[in-house]
2 protein chains.
Amino acid sequence: AFRNERLRDDALQTAVRQKPDALHPLTRAEQNRQLWAYETRVKGAFARIVPTLRAIAARQHAPDFERSAQESARAALGFALPDDALADAWVDRLDMRALFAHATFETFRAMSTDYFTADPLETHPQARDFQDVLLRCGFHAMNVTPCADGRLAHTISYVLRLPMGTVQRRSSAGALFDVEEALQRWEAVELGRFREGVPNLADAPTRYLKVAAYHYSSRDPDHQGCAAHGSDTRAAASAGLAQLRAFRLAVENTHCCGASIATLLIGIDTDTDRLRIHLPNDAGEPDLDRLVDAGGLYRATAQLDPESARTRIREAIARPRDGGPPPEAGMQDLMAKLIENNLSQIDYVRTYAGEHYPDAGHQERFIGVGTDFEEVHLRNLTYFAFMRTLEEGAPNLDVGIEIFRRLNVAHGLPIPIVLRFHYTGQVPGARERAVQRCARIAEAILKRYPDLAERGLIQTYWTLRDTSRADPIECVGSSLPSTWREV
Amino acid sequence: AFRNERLRDDALQTAVRQKPDALHPLTRAEQNRQLWAYETRVKGAFARIVPTLRAIAARQHAPDFERSAQESARAALGFALPDDALADAWVDRLDMRALFAHATFETFRAMSTDYFTADPLETHPQARDFQDVLLRCGFHAMNVTPCADGRLAHTISYVLRLPMGTVQRRSSAGALFDVEEALQRWEAVELGRFREGVPNLADAPTRYLKVAAYHYSSRDPDHQGCAAHGSDTRAAASAGLAQLRAFRLAVENTHCCGASIATLLIGIDTDTDRLRIHLPNDAGEPDLDRLVDAGGLYRATAQLDPESARTRIREAIARPRDGGPPPEAGMQDLMAKLIENNLSQIDYVRTYAGEHYPDAGHQERFIGVGTDFEEVHLRNLTYFAFMRTLEEGAPNLDVGIEIFRRLNVAHGLPIPIVLRFHYTGQVPGARERAVQRCARIAEAILKRYPDLAERGLIQTYWTLRDTSRADPIECVGSSLPSTWREV
Ligand SMILES: [Zn+2]
Ligand SMILES: [Zn+2]
Ligand SMILES: [Zn+2]
Ligand SMILES: [Zn+2]
């Protein structure tokens with residue numbers, strides 16, 4: 001009845017055994033090894049939950065069960081299971097649903113804490129450098145909206161190899177980000193430049209860059225593309241473009257004095273993580289039909305030395321083969337950097353997965369609800385539903401619940417939902433309001449899916465982060481008493 | 001079974017008959033007459049709904065009913081009733097609930113359209129002048145939060161005699177405004193100064209002024225005070241103060257470079273509209289125990305000539321009797337102006353209502369849900385529940401529904417709810433998103449009060465306003481087909 005872990009593990013193991021030879025000259029092999037170590041460590045932790053619990057379940061009526069169960073939990077998962085649950089097993093049987101949710105939330109907590117305390121992706125040292133690169137390219141901020149699909153959750157750190165923090169992420173189903181929210185974000189950034197000169201002074205001729213990332217499947221384009229756009233690649237791309245245009249017009253029309261932004265449209269093949277970047281049309285907007293493709297450039301430059309490869313990439317961008325307009329100079333630099341970064345990711349997938357990822361479809365471990373989870377950077381780990389209230393975000397969550405009905409509920413397992421809201425610690429009452437928001441949304445979720453709620457098949461774990469500090473997340477509530485205790 | 005209109009009308013009539021003699025020397029008598037004309041005109045229109053429908057109901061089986069009913073509707077209410085409803089009356093009987101909601105919405109629509117097209121309170125000519133006054137006092141913006149209570153709905157235009165537009169209103173239950181929203185608003189205003197020099201340049205030494213207005217009842221302080229604070233005047237005042245402080249700290253702590261705001265705490269007696277203004281403590285914050293009272297100053301200056309009265313008021317503010325610290329110079333000017341403005345309102349109530357308003361409690365005609373209704377300026381006309389989603393705003397609406405269960409449902413009448421959201425017309429898709437917000441919230445309201453919804457005792461009317469234009473509101477949906485037709 002449990003999820004089949006074997007398929008994934010086998011594929012990973014096969015991949016690991018392949019010799020990572022024939023890398024592209026611009027691929028950063030050492031970075032790939034680090035990213036792979038991080039991915040296997042975190043995904044391994046989630047993958048061990050089911051087999052470990054399964055083994056524990058098999059022994060639940062054995063003598064000395066409690067001690068031996070805790071021993072294997074600690075050894076395999078890194079944390080103990082709730083004593084009460086184990087102690088009561090002799091009366092009836094172990095509540096495996098509760099233990100599964102408990103283990104998922106504890107594994108998430110460990111991963112999240114590790115991210116904020118140990119910086120495993122080395123985001124901090126990269127952040128400063130990339131801020132400079134971005135400014136030299138003519139942009140004082142870069143805000144990326146990938147689709148909320150779990151197969152895009154690694155867009156920033158893996159596919160684009162960019163440091164979170166310097167780059168802002170606003171995932172959204174179908175890349176259809178909230179224009180009003182984007183406008184507020186833009187206003188806050190511009191005010192920071194005027195008031196505080198951060199990251200540069202307001203009169204510097206740089207622009208705010210908004211990026212929309214749509215996705216498609218090269219292997220099974222009609223079924224494994226973007227669900228929000230019926231797996232229609234062109235529809236996904238043109239929806240992203242329309243949203244970018246809406247945001248640009250919103251900035252231009254609600255602020256005078258030449259206010260505007262730069263926009264960029266990119267596409268990601270979820271089977272290979274290959275990146276395509278759209279070139280501008282005559283009006284400077286991304287053109288749906290003009291693009292540079294990192295896969296093609298990979299092949300065209302694989303036999304060159306690094307500098308020649310770089311030159312060839314820059315040429316493909318600066319002098320498009322169709323003779324159409326090139327991007328502006330700074331945008332050319334940024335595009336070249338994104339393409340070069342993506343070459344490493346193409347090799348990453350080739351090395352560790354082979355021709356394409358083994359999991360073309362959904363294999364997420366939990367649903368994330370609320371604002372961005374800065375610590376989530378792994379493909380197919382999290383289905384993310386952005387929302388401030390379920391009233392506004394219900395359509396996004398409905399899709400995720402359907403996915404997890406297949407992944408978990410069909411096998412008797414509950415759907416683990418992690419809530420996340422941000423607050424600013426120095427604002428009086430802000431934390432309390434964020435806690436209330438968690439409570440409200442958790443209640444609304446139970447009401448929306450009563451068939452699951454009644455059977456304990458939805459479990460929630462409430463987390464907050466104070467954006468004014470570098471601290472890890474804080475758990476402020478849970479549907480499982482074992483994962484949270486009021487202090 | 002209908003609401004008792006007599007009590008209110010009698011009280012108003014008695015008041016009208018009193019000679020408006022013995023006005024305060026600083027009272028603007030002509031302005032009072034205009035405001036009174038507006039109040040009687042609008043409230044009269046709502047007051048005529050029940051008697052008119054009652055008379056029509058009595059004749060529903062008479063010959064020539066349809067023609068005569070439409071004639072009296074047009075004559076008394078200014079609009080026709082839906083033909084279908086009248087034509088079908090012979091089958092069963094008139095659907096008085098639907099007709100009542102129809103008439104309420106149509107009356108609201110007429111009032112609202114009149115406000116935006118004819119400027120009946122002469123807001124536009126006053127706005128420019130007051131902008132200058134405010135800047136001279138050292139403030140580039142003034143944002144007031146009165147309690148959402150219907151007895152405070154006339155705070156800006158009547159009690160304080162200030163022009164909407166120049167003064168922003170953010171009503172909120174118990175004056176407990178949303179700090180995060182207030183911070184966003186502040187950021188938008190400051191960005192406007194930096195980018196566009198509106199209303200003045202960012203380096204001008206002016207401040208953003210946030211005002212919290214609590215309320216109390218001098219006649220029945222224990223029962224008719226602020227419901228959100230259990231009719232405890234001191235609790236209401238100190239909650240307003242705490243919210244002002246939270247907002248100030250939010251600005252100071254999320255923005256550096258000396259960012260701050262000015263704050264002002266005022267109290268309003270809902271029986272007499274008398275204003276009290278809190279003086280600052282040593283730290284410059286409003287002091288709960290130090291205040292100037294417009295009622296006392298009215299009596300102390302009633303026998304003086306206008307200039308001496310003004311001087312006496314300025315002295316009371318500049319040299320507080322307790323010897324404590326006076327407000328800063330610009331704030332003194334603003335306080336003196338508010339006190340002088342309020343003297344007119346004190347006389348307004350004395351002239352037209354007598355010693356106190358006849359309606360100490362709730363007598364609202366409809367519930368407003370959503371963002372601010374710029375056109376609502378009359379006491380006890382609207383119970384207002386601010387919200388972007390019902391998930392966040394439900395506690396506010398619950399209070400309003402309880403009030404209207406007594407006012408309307410107990411007499412068999414439905415609760416008319418007008419929804420209102422703003423959008424910026426030039427932002428692509430913004431109107432469509434605002435329509436969706438109305439639809440979502442209307443659906444959520446029906447779900448939250450199923451006992452009322454099932455019996456047709458909740459009716460909703462969906463309105464939008466494009467804040468980038470001076471146009472009237474637009475109706476984009478309704479639970480009553482007779483008040484809205486898709487075009
Ligand atoms: Zn998608
Ligand atoms: Zn999907
Ligand atoms: Zn009240
Ligand atoms: Zn109140």
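Structure: see above.
Residues numbered from 1 in each chain as written. Chains lettered and ligands numbered in written order. Predicted model: local features only at pLDDT ≥ 70, side-chain atom pairs only at ≥ 80, totals over all residues. Heavy atoms only, no water.

## A look at the overall build of chain A
Along chain A, the regular secondary structure elements total 16 helices and eleven strands. For chain A, the C-alpha radius of gyration of 23 Å lies close to 23 Å, the compact-globule estimate for 487 residues. Dimensions of chain A, computed from C-alpha atoms along their principal axes, come out at roughly 75 × 55 × 40 Å. A buried classification covers 57% of the 487 residues belonging to chain A. (Helix = DSSP H or I, 4+ residues; strand = E, 2+ residues; numbered from the N terminus. Rg over C-alpha atoms; globule rule 2.2 N^0.38 Å. Buried < 20%, exposed > 50% of the residue type's maximum accessible area, 1.4 Å probe, protein only.)

## Digging into the coordination of the zinc ion (ligand 2)
Residue and element names in this part refer to chain A. At this site the zinc ion (ligand 2) is bound by Asp149 (OD) and His362 (NE2), with donor distances of 2.5 Å. Separating the zinc ion (ligand 2) from the zinc ion (ligand 1) is a distance of 5.5 Å. You can see Asp149 sitting in the loop between β1 (139–146) and α8 (155–159) and its partner His362 sitting in the loop between α13 (329–352) and β7 (366–370), a full 213 residues away along the chain. (Donors = N, O, S within 2.8 Å, 3.2 Å for Na, K, Ca; no water.)

## A few points about the interface of chain A and chain B
Taken together, the 36 residues of chain A in the interface contact 36 residues of chain B. Overall, the association of chain A and chain B removes approximately 3,100 Å² of surface from exposure, summing both partners, and the carbon and sulfur fraction of that is 57%. Counting the surface chain A buries against chain B, the share from its top three residues, A:Leu191, A:Arg195 and A:Glu391, is 23%. In this assembly, chain A and chain B are joined by six salt bridges. The tally of links from chain A across to chain B stands at twelve residue pairs in polar contact (both at pLDDT 80 or more). At the level of secondary structure, the elements contributing two or more residues to the side of chain A that touches chain B comprise α9 (179–196), α10 (233–254), α14 (390–407) and α15 (430–448) of chain A. When residues in the side of chain A that touches chain B are grouped by element, the largest group, eleven residues, is from α9(A). (Contact = heavy atoms within 4.5 Å. Buried area = accessible area lost by both parts, 1.4 Å probe. Salt bridge = Lys/Arg side-chain N within 4 Å of Asp/Glu carboxyl O. Polar contact = N/O pair within 3.5 Å; in protein donor to acceptor, adjacent residues only side chain to side chain.)

## Let's talk about the relation of the copies chain A and chain B
Taken as rigid bodies, chain A and chain B are interconverted by a rotation of 180° and an axial shift of 0.1 Å, the fit giving an RMSD of 0.0 Å. The operation mapping one copy onto its partner corresponds to a two-fold rotation axis. No C-alpha of chain A approaches the rotation axis more nearly than that of A:Leu191, which lies at 2.8 Å. Both copies present the same face, since 100% of the interface residues in chain A are matched by interface residues at the equivalent positions in chain B. (Least-squares fit on C-alpha atoms with pLDDT ≥ 70 in both.)

## Re the pairing of strand β4 (residues 262–269) of chain A
All names here are of chain A. β4 sits mainly inside the fold: eight of its eight residues count as buried. The handedness of the strand β3 (residues 207–216) to β4 crossover, carried by α10, is right-handed. Alignment of β4 against strand β5 (residues 275–280), held across three bridges, turns out to be antiparallel. Following the sheet pairing, Ile266 is matched in β5 by Ile277. What sits between the antiparallel neighbours β4 and β5 is a turn of five residues, in which Asp273 has the positive phi angle 65°. (Right-handed = clockwise from strand over helix to strand, strands pointing away. Pairing = 2+ DSSP bridges.)

## Quick look at the coordination of the zinc ion (ligand 1)
Residue and element names in this part refer to chain A. All of the protein donors around the zinc ion (ligand 1) are Cys147 (SG), His215 (NE2) and Cys226 (SG); their distances to the metal are 2.0 to 2.2 Å. Written as a sequence motif, the donor residues of the zinc ion (ligand 1) are C-x67-H-x10-C. Given a relative accessible area of 3%, Cys226 falls into the buried group.

## Re helix α14 (residues 390–407) of chain B
Given a rise of 1.5 Å per residue, 18 residues ought to cover 26 Å, yet the end C-alpha atoms of α14(B) are separated by just 22 Å, more than 12% below that figure. Most pronounced at B:Asn396, the bend in α14(B) amounts to some 45°. (Expected span 1.5 Å × (residues − 1). Bend = angle between axes of the 7 residues up to and from the residue.)

## As for the packing of helix α9 (residues 179–196) of chain B against helix α10 (residues 233–254) of chain B
Residue and element names in this part refer to chain B. Contact geometry for α9 and α10: axes closest at 10 Å, N-to-C directions at 50°. As judged from the angle between their axes, α9 and α10 are oblique. As α9 packs across α10, the resulting crossing turns out to be right-handed. Only Gln243, Ala246, Phe247, Ala250, Val251 and Thr254 of α10 make contact with α9, whose side of the interface consists of Val179, Ala182, Leu183 and Trp186. Classifying every residue of the contact of α9 with α10 gives eight nonpolar, two polar and no charged. (Axes fitted to C-alpha atoms, helices over the stretch in contact; angles between N-to-C directions. Parallel < 35°, antiparallel > 145°, perpendicular 65-115°, else oblique. Left-handed = near helix turned anticlockwise from the far one by under 90°. Nonpolar A, V, L, I, M, F, W, Y, C, P; charged D, E, K, R; others polar.)

## Description of the state of the cysteines
Residue and element names in this part refer to chain A. Tallied over the full model, the rule gives zero disulfides over all chains. Counting only cysteine sulfurs, Cys438 is the nearest neighbor of Cys475, a cysteine outside any disulfide, at a range of 8.9 Å. Here Cys475 falls in the buried class, since its relative accessible area comes to 16%. (Disulfide = S-S within 2.5 Å.)

## What about the nonpolar core?
A:Leu397 and B:Leu397 are the most contacted members of the largest nonpolar core, which has 297 residues in total. Look past the residues within four positions of B:Leu397 in its chain and what remains in contact with it is B:Ile367, B:Val369, B:Ala385, B:Met387, B:Leu390, B:Ile445 and B:Tyr449. (Core = buried A, V, L, I, M, F, W, Y, C linked by side-chain atoms within 4.5 Å.)

## Quick word on a negative patch on the surface
On the surface, A:Glu66, A:Asp83, A:Asp84 and A:Asp88 cluster together into a patch of negative charge. Position of A:Asp88 among the secondary structure elements: in the loop between α5 (83–87) and α6 (96–118). (Patch = residues over 30% accessible without salt bridge, like charges linked within 9 Å, V, L, I, M, F, W, Y side chains within 5 Å. Areas by Shrake-Rupley, 256 points an atom, 1.4 Å probe, with all protein chains shown as cover. Lys, Arg positive; Asp, Glu negative; His and termini not counted. Charge placed at Lys NZ, Arg CZ, Asp CG, Glu CD.)

## Quick word on the side chain of A:Asp287
Residue and element names in this part refer to chain A. Here Asp287 is to be found in strand β6 (residues 286–293). Nearest to the buried, unbridged Asp287 among oppositely charged side chains is Arg290, at 4.9 Å. Setting aside residues up to four positions removed in sequence, Asp287 forms contacts with His278, Leu279, Pro280 and Asn281.

## Digging into the side chain of B:Gln332
For B:Gln332, the location among the structural elements is in helix α13 (residues 329–352). In contact with B:Gln332, not counting residues within four places along its chain, are B:Arg314, B:Ile317, B:Ala318, B:Pro326 and B:Pro327.

## What about the sheet that holds strand β8 (residues 382–386) of chain B?
Residues and elements named next belong to chain B. Spatially, five strands are ordered β8-β7-β9-β10-β11 in an open sheet, and the strand pairing comes out mixed. In this open sheet, the two edge strands, each paired with only one partner strand, are β8 and β11 (474–478). On average, each strand axis in the sheet is inclined to that of its neighbour by 25°, with strand direction left out of account. Across four bridges, strand β7 (residues 366–370) lies against strand β9 (residues 415–423) in parallel orientation. Looking at β9, one finds that Val369 is bridged to Leu419.

## Overview of the sheet that holds strand β11 (residues 474–478) of chain A
All names here are of chain A. Taking strand neighbours across the sheet as the criterion, the five strands line up as β8-β7-β9-β10-β11 in an open arrangement whose pairing is mixed. At either margin of the open sheet sits one strand with a lone partner, and together these are β8 (382–386) and β11. Neighbouring strand axes in the sheet, compared pairwise and without regard to direction, differ in orientation by 25° on average. Against the sheet, α14 touches β7, β8, β9 (415–423) and β10 (458–466), its axis set at about 160° to β8.

## Section: the packing of aromatic side chains
Residues and elements named next belong to chain A. The final tally for this structure, using the stated rule, is 27 aromatic pairs over all chains. Both rings, one in Phe108 and one in Phe366, keep their centres 5.2 Å apart while their planes meet at 65°; by these two values the pair is edge-to-face. Of this pair, Phe108 sits in helix α6 while Phe366 sits in strand β7; the two residues are 258 residues apart in sequence, bridging distant segments of the chain. For the residue pair Phe108 and Phe366, the accessibility class agrees, reading buried in each case. For the ring pair Tyr115 and Phe116, a centre distance of 5.3 Å and an interplane angle of 90° mean the geometry is edge-to-face. Phe116 matches Tyr115 in its accessibility class, with the two residues each being buried. Here a set of aromatic residues connected by ring pairs shows up, and it is made of Phe46, Phe105, Phe108, Phe366, Phe373, Phe384 and Tyr461. Looking at Arg420, its charged tip hangs above the ring of Phe373, at a distance of 4.6 Å from the centre. (Phe/Tyr/Trp six-rings, centres within 6.5 Å; stacked < 30°, edge-to-face > 60°. Lys NZ or Arg CZ within 6 Å of the ring centre and 35° of its normal.)

## Notes on the pattern of salt bridges
In this structure the tally under the stated criterion is 70 salt bridges over all chains. A salt bridge links B:Arg465 to B:Glu374; the nearest nitrogen and oxygen atoms lie 2.8 Å apart. On the criterion of sequence distance, the pair formed by B:Arg465 in strand β10 (residues 458–466) and B:Glu374 in the loop between β7 and β8 is long-range, its members being 91 residues apart. Accessibility assignment for this pair places B:Arg465 and B:Glu374 in one class, buried. A single salt-bridge network, built from bridges that share partners, covers A:Arg245, A:Arg248, A:Glu252 and A:Glu285.

## Here we look at the environment of B:Leu397
Along the chain, B:Leu397 falls in helix α14. Residues B:Leu397 and B:Val369 lie 28 residues apart in sequence; the distance between their C-alpha atoms is 7.8 Å.

## Side note on the pairing of β3(A)
Residues and elements named next belong to chain A. The element β3 is extensively covered by neighbouring structure, given that nine of its ten residues are classed as buried. Pairing analysis gives seven bridges linking β1 to β3, with the strands arranged parallel. Residue pairing in the sheet places Met142 in a bridge with Leu209 of β3. Of the strand pairs in this sheet, β3 and β4 are connected by eight bridges, and their pairing is parallel. By the bridge assignment, Tyr216 is partnered in β4 with Asp269.

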